[in-house]
Amino acid sequence: MQPADRSEGMTMDLDFTAEERAFRAEVRSFLRDHLPAAVRHKVLNGICLEREDYLAWQRVLHARGWGGPSWPVAFGGTGWGPVRQYLFDDACAEAGAPRLVPFGLKMVAPVLMAFGSAAQQQRFLPPILAGEAWWCQGYSEPGAGSDLAALRTRAVRDGEHYVVNGQKTWTTFAHYADWMFCLVRTDPAAKPQRGISFLLIDMSSPGIRVRPIRTLDGAHEVNEVWLEGVRVPVANLVGEENRGWTYAKFLLGHERSNIAGIGIARRELARLKRIARSETGDGRPLLEAPLFAARVARVEIELMALEITNLRVLSAEAEQRAPGVEASILKIRGSEIQQEIFALMTEALGLQALPYDREAMAAGYAGDCPLPVHARTPTSQYLNMRKLSIYGGSNEIQRNIIARSMLGL
Ligand SMILES: Cc1cc2nc3c(=O)[nH]c(=O)nc-3n(C[C@H](O)[C@H](O)[C@H](O)COP(=O)(O)OP(=O)(O)OC[C@H]3O[C@@H](n4cnc5c(N)ncnc54)[C@H](O)[C@@H]3O)c2cc1C
């Protein structure tokens, strides 16, 4: 983005520079040549990706030198600033590329870079970049979600190990994971935030059980993780014992980066329009029916407004100004807009949206299906999208943040 011109009271410039536009063209061209058609088909049609789909894509990006879009060059990343990262994410979403798995790349990696030992950085960072290791996030527990500091999973020092006992829940893709970064209580006598440590746990350790939680859409993304007498080498403690809360909060800041999901929303809005063009009501395309068209227009305008807010945040970040409370606005509006787009898709499909059966499709059902391809997944995606306003700090919690920091309530 161009430097802000303050001479006439302007604080931002939302135009991309010639270099940035050239960069975007380069990314688009790379995606045209290297994104496998089968994976693209899955993403564009809302079909679930497998572990290998994600990892193989990470390896393709790594081979191009783009494996770590948000990583500094010193750790093998691209060294891109926030604008290039945005353009990259946007082009990937538009092309139907798998989203980068955040748990390794965007969550544990920044913590290791900032607080890990040199040995931990050398051991754990390269496999993340190379698409050889899958991480999961062991924060939430029954009774400790929004109030994360209430977590009770206990780690007790025993010689050169910690012995961990407890339960994590909602752990996304724990069944794919090789490693879990985990918050554990090491000092139960201290104030809640003071007695927490940040451990790296090998998911193949004896004493770990992963049990699926089926979400509304019938999918298996999240899990319960039970830890019973799990021995974790002390070398896998990140930073200092009992300072895990500091690292956890640092990580949450990264979790919320690019949370608005503009690129994905724009791609799904285009899909909504395709569906509304091919479905009819009263003998004409639904997209020409005034009431339905008005609702599509409304969500499109809201998305455009959100994109401007997102660009304002990027403009601030490019000038080294911290985004602050805008991250909460992006989270709330971004999740609501995506939810609305899928709600409109299911409405456009009407009765056709009902017979979807994810388990049959996941099991490879390829028999006769009376539905057009575009009608097969929006219902499950509509149900799945309910999660957006819960994870990454629920929308109610984000509203609390806005109320406190912006409105002084
Ligand atoms: C699909 C999905 C994937 C997830 N993946 C992971 C993961 O990989 N790793 C992980 O550690 N966690 C994960 N989570 C957990 C997620 O972070 C928590 O669900 C979230 O923090 C909310 O916590 P909770 O579910 O315990 O709800 P609670 O905290 O019990 O909240 C229940 C309701 O009360 C509201 N509420 C709570 N406190 C307040 C308040 N102070 N003011 C106003 N309203 C409030 C909440 O907004 C919510 O609506 C995932 C969750 C989902 C749904």
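Conventions and cut-offs
- Residues numbered from 1 in each chain as written.
- Predicted model: local features only at pLDDT ≥ 70, side-chain atom pairs only at ≥ 80, totals over all residues.
- Heavy atoms only, no water.
- Helix = DSSP H or I, 4+ residues; strand = E, 2+ residues; numbered from the N terminus.
- Buried < 20%, exposed > 50% of the residue type's maximum accessible area, 1.4 Å probe, protein only.
- Contact = heavy atoms within 4.5 Å.
- Phe/Tyr/Trp six-rings, centres within 6.5 Å; stacked < 30°, edge-to-face > 60°.
- Lys NZ or Arg CZ within 6 Å of the ring centre and 35° of its normal.
- UniProt positions renumbered as here; feature names shortened; annotations may be inferred.
- Salt bridge = Lys/Arg side-chain N within 4 Å of Asp/Glu carboxyl O.
- pLDDT = per-residue confidence, 0-100.
- Patch = residues over 30% accessible without salt bridge, like charges linked within 9 Å, V, L, I, M, F, W, Y side chains within 5 Å.
- Areas by Shrake-Rupley, 256 points an atom, 1.4 Å probe, with all protein chains shown as cover.
- Domains from an automatic or database assignment.
- Axes fitted to C-alpha atoms, helices over the stretch in contact; angles between N-to-C directions.
- Parallel < 35°, antiparallel > 145°, perpendicular 65-115°, else oblique.
- Left-handed = near helix turned anticlockwise from the far one by under 90°.
- Nonpolar A, V, L, I, M, F, W, Y, C, P; charged D, E, K, R; others polar.
- Expected span 1.5 Å × (residues − 1).

**Quick word on the side chain of Arg267**
Note that Arg267 resides in helix α8 (residues 262–278). Exposure remark for Arg267: the relative accessible area of 15% places this residue in the buried category. Beyond its immediate sequence surroundings of up to four residues, Arg267 is in contact with Val43, Leu44, Ala93, Glu94 and Gly96.

**Comments concerning the packing of aromatic side chains**
A complete count under the given rule lists 19 aromatic pairs for this structure. Consider the rings of Phe181 and Phe198, whose centres lie 5.9 Å apart with planes at 5°: the pair is stacked. Separated by 17 residues along the polypeptide, Phe181 in strand β4 (residues 179–185) and Phe198 in strand β5 (residues 196–202) bring together distant segments of the chain. Neither Phe181 nor Phe198 differs from the other in exposure class; each is buried. An aromatic cluster of three or more residues is present, and its members are Phe115, Phe124, Trp135, Tyr139, Trp179, Phe181, Phe198, Tyr247 and Phe250. Geometry around Tyr162 places Arg157 over its ring, the cationic atom sitting 5.8 Å from the centre.

**Notes on the UniProt feature "domain: Acyl-CoA oxidase/dehydrogenase middle" (unreviewed entry) in the protein**
When the UniProt feature table is mapped onto this chain numbering, "domain: Acyl-CoA oxidase/dehydrogenase middle" (unreviewed entry) sits at residues 136–223. Helix makes up 0% of residues 136–223 and strand 48%. Its end C-alpha atoms lie 10 Å apart.

**Observations concerning the pattern of salt bridges**
On inspection of all chains with the given rule, the structure shows 23 salt bridges. Of the charged contacts in the structure, one is a salt bridge between Arg295 and Glu347, with a shortest N-O distance of 2.9 Å. Taken as a pair, Arg295 in helix α9 (residues 290–318) and Glu347 in helix α10 (residues 326–349) lie far apart in primary sequence, 52 residues in all. Classification of Arg295 by relative accessible area gives partly exposed; the value is 32%. Taking relative accessible area as the criterion, Glu347 reaches 43% and is therefore assigned partly exposed. Here the residues in one salt-bridge network are Arg298, Glu302, Arg333, Glu336 and Arg399, joined through shared partners.

**Looking at the confidence of the model for the protein**
Of all residues in the protein, 90% attain a pLDDT of 70 or more, and the chain-wide mean is 90. A low-confidence stretch, residues 3–12 stays under pLDDT 50, and its non-local contacts, those more than four residues away or across chains, total 13 contacts.

**Some points on a nonpolar patch on the surface**
A surface patch of nonpolar side chains, about 360 Å² in accessible area, is lined by Met406, Leu407 and Leu409. Structurally, the position occupied by Leu409 is in the segment after α13 (395–405).

**Remarks on the environment of Gly46**
Residue placement: Gly46 occurs in the loop between α2 (37–44) and α3 (51–64). Given a relative accessible area of 13%, Gly46 falls into the buried group. Put simply, Gly46 and His374 are 328 residues apart on the chain and 9.1 Å apart in space, counted from C-alpha to C-alpha. In contact with Gly46, not counting residues within four places along its chain, are Arg271, Thr377 and Gln381.

**Details of the domain arrangement of the protein**
Per the domain assignment, the segments of the protein are domain 1 (18–100), domain 2 (135–241) and domain 3 (256–407). With centres defined by C-alpha atoms, the gap from domain 1 to domain 2 works out at 30 Å.

**A word on the environment of Arg32**
Mapped onto the secondary structure, Arg32 falls in helix α1 (residues 18–34). Exposure remark for Arg32: the relative accessible area of 64% places this residue in the exposed category. Separated by 342 residues in sequence, Arg32 and His374 place their C-alpha atoms 22 Å apart.

**Side note on the packing of α8 against α9**
Closest axis-to-axis distance for the α8/α9 pair is 11 Å, and the angle between their directions is 165°. With respect to each other, α8 and α9 are oriented roughly antiparallel. Here α8 and α9 pass one another in a crossing that is left-handed. Contact residues: Ile262, Ala265, Arg266, Leu269, Leu272, Lys273 and Ala276 in α8; Phe292, Val296, Val299, Glu300, Leu303, Leu306, Glu307 and Asn310 in α9. When grouped by side-chain class, the residues that make up the contact of α8 with α9 number ten nonpolar, one polar and four charged.

**A word on α8**
Taking 1.5 Å per residue, 17 residues should reach 24 Å; α8 reaches 25 Å between its end C-alpha atoms and fits that length. Residues of α8 that are buried include every one of Ile262, Gly263, Ala265, Arg267, Glu268, Leu269, Arg271, Leu272, Ile275 and Ala276, and no others. On its buried side, α8 packs onto α2, α4 (82–95), β9 (284–285), α9, α10 and α12 (378–384).

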